[in-house]
Amino acid sequence: MIKYKTMENRIFDLVVTVLLVLLGLFCLLPLLHVLALSLSSKNAAVSGQVSFWPVQFTLASYEYLLQDSRFLDAFLVSVKRVILGGGLNLICTVLMAYPLSLEKEEFPSRDRYMWFTIFCMLFGASVVPWYFVIKETGLLNSIWALVVPSAVPVYNVILLMNFFRGQPKAIKESAQIDGINQVQMMLLICVPLAKPAIATVTLFSIVGHWNNFFDGMLLINTPSKVPLQTYIQSLVINMSNTSQMSTEQMINLMSQRTFNSSKIVVATIPILIIYPFMQKYFVTGITLGSVKE
């Protein structure tokens, strides 16, 4: 019986491993194809010779990319958005999560705010009122239109709140005996102990701001203020609308594949750089803060 279970477990582990490897390949192969296109010559890309390895290796698309002012403007807008949006998300998340983590005796109105927070997470406004609110507040066509509407990510608040509630009460009680107030408790005790959760929610915010393209399409009208992912999305739309193009236009579009592929590769580099530094906190932050009350 023990041997049967052992063999069954081995078969299960093998099947899971094979499925995960196949899933990883399905995710990795398109990225390898884009990278190979960006490092190949235009002729090889137009003729369809490029698969997952560069053909006629060249860095010409990246050299040309450094001269594309529109791409550089969009890249800087996204960097600015990540810095402003990530910082604002972090401050608002901490300031909202800590009071909600207190007991009802310490914060009598906690349940009201908690229900309000959950309601906002479950029921969001539709696109039309969301757009008109941003327009009437004068944020339209500015960097703040990409930052302020998502200043309080409710899911991150709940995640960090549960992490705060899971911290040892003995430490907080000892600090209270020493006479510190709630602000000092948050800044000096709870926030330093919550590094894994804070790193996790910060990573969520950074990735969310960097990858979001939809709000840039609706809220930004000036090309120089468009974020990077919105700019790349416009390239994808142009590449997909080939039904009404002439043969010459299609050839010209195909010749731009290496250049557009280099833009996509460069757009993924910042996230690839950030992930390894926060990976050690990621799993810990998710598991310790994921239990809802």
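It should be noted that the structure appears before, not after, this text.
About the thresholds
- Residues numbered from 1 in each chain as written.
- Predicted model: local features only at pLDDT ≥ 70, side-chain atom pairs only at ≥ 80, totals over all residues.
- Heavy atoms only, no water.
- Helix = DSSP H or I, 4+ residues; strand = E, 2+ residues; numbered from the N terminus.
- Buried < 20%, exposed > 50% of the residue type's maximum accessible area, 1.4 Å probe, protein only.
- Contact = heavy atoms within 4.5 Å.
- Areas by Shrake-Rupley, 256 points an atom, 1.4 Å probe, with all protein chains shown as cover.
- Expected span 1.5 Å × (residues − 1).
- Polar contact = N/O pair within 3.5 Å; in protein donor to acceptor, adjacent residues only side chain to side chain.
- Salt bridge = Lys/Arg side-chain N within 4 Å of Asp/Glu carboxyl O.
- Core = buried A, V, L, I, M, F, W, Y, C linked by side-chain atoms within 4.5 Å.
- 1 Å grid on protein atoms, 1.4 Å probe; cavity = no way out; pocket = protein on both sides within 12 Å on 5 of 7 lines; lining within 4 Å.
- Points joined across faces, edges and corners; volume = space filled by probe spheres on them.
- Nonpolar A, V, L, I, M, F, W, Y, C, P; charged D, E, K, R; others polar.

(A) Focus on the overall build of the protein. Secondary structure summary: the protein contains 14 helices and 0 strands in total. When the elements of the protein are put in sequence order from the N terminus, they spell out α-α-α-α-α-α-α-α-α-α-α-α-α-α. In the protein, which comprises 293 residues, the share counted as buried stands at 35%. Considering only contacts in the protein between residues 6 or more positions apart, those separated by 24 or more positions represent 73%. Carbon and sulfur atoms provide 68% of the accessible area of the protein, an area that totals close to 17900 Å².

(B) Geometry of helix 9 (residues 182-193). Between the first and last C-alpha of helix 9 there are 15 Å, a value that for 12 residues agrees with the 16 Å anticipated at 1.5 Å per step. Summarising the contacts, the buried residues of helix 9 are in contact with helix 4 (69-101), helix 7 (154-165) and helix 8 (169-177). Here helix 9 starts with a cap whose side-chain oxygen sits 3.2 Å from the backbone nitrogen of Val183, and that cap is Asn181.

(C) A look at the pattern of salt bridges. Enumeration over the complete set of coordinates arrives at 5 salt bridges. In this structure, the salt-bridge partner of Glu103 is Arg165, at a minimum N-O distance of 3.9 Å. Taken together, the residues Glu103 in the loop between helix 4 and helix 5 (110-122) and Arg165 in helix 7 connect sequence positions 62 residues apart. The partly exposed category is assigned to Arg165, whose relative accessible area is 28%. For Lys169, the salt bridge is made with Glu103, and the minimal N-O distance between the two is 3.7 Å. Of the two residues, Lys169 sits in helix 8 while Glu103 sits in the loop between helix 4 and helix 5, which places them 66 residues apart along the sequence. Among the charged side chains, a network of salt bridges with common partners joins Glu103, Arg165 and Lys169.

(D) Examining the side chain of Ser78 more closely. Topologically, Ser78 is positioned in helix 4. Once residues within four sequence positions are removed from consideration, Ser78 is found in contact with Trp210, Pro227, Leu228 and Gln229.

(E) Geometry of the nonpolar core. Core analysis: the biggest nonpolar cluster contains 25 residues, and Phe71, Leu228 and Tyr231 have the highest contact counts within it. Those elements that place two or more of their residues in this core are helix 3 (60-65), helix 4, helix 10 (195-211), helix 12 (228-240) and helix 14 (257-289). Looking at this core element by element, the count peaks at 5 residues for helix 14. Every residue in contact with Leu228, bar those within four places of it in the chain, is listed here: Phe71, Ala74, Phe75, Ser78, Trp210 and Ala267. Met114, Met185, Ala194 and Ile198 belong to the second largest nonpolar core, which has 20 residues in total.

(F) A look at helix 7. Between the first and last C-alpha of helix 7 there are 16 Å, a value that for 12 residues agrees with the 16 Å anticipated at 1.5 Å per step. For helix 7, the tally of buried residues reaches 10 of 12 residues, placing the bulk of the element in the interior. Where helix 7 is concerned, the buried positions are Val154, Asn156, Val157, Ile158, Leu159, Leu160, Met161, Asn162, Phe163 and Phe164.

(G) Spatial organisation of the layout of surface pockets. For the largest pocket, the calculated volume is near 770 Å³. Surrounding the largest pocket, 32 residues form its lining, Trp130, Pro149, Ser150, Val152 and Pro153 being those nearest its centre. Contributing elements (two or more residues each) for the lining of the largest pocket: helix 4, helix 5, helix 6 (127-136), helix 7, helix 10 and helix 11 (214-219). Split into classes, the residues belonging to the lining of the largest pocket amount to 20 nonpolar, 10 polar and 2 charged. The computed volume of the second largest pocket comes to approximately 220 Å³. Lining the second largest pocket are 13 residues; nearest its centre among them are Glu103, Glu106, Lys169, Lys172 and Gln176. For the lining of the second largest pocket, the elements supplying multiple residues, two or more each, are helix 4, helix 8 and helix 9. It is helix 8 that contributes the most residues to the lining of the second largest pocket, 4 residues altogether.

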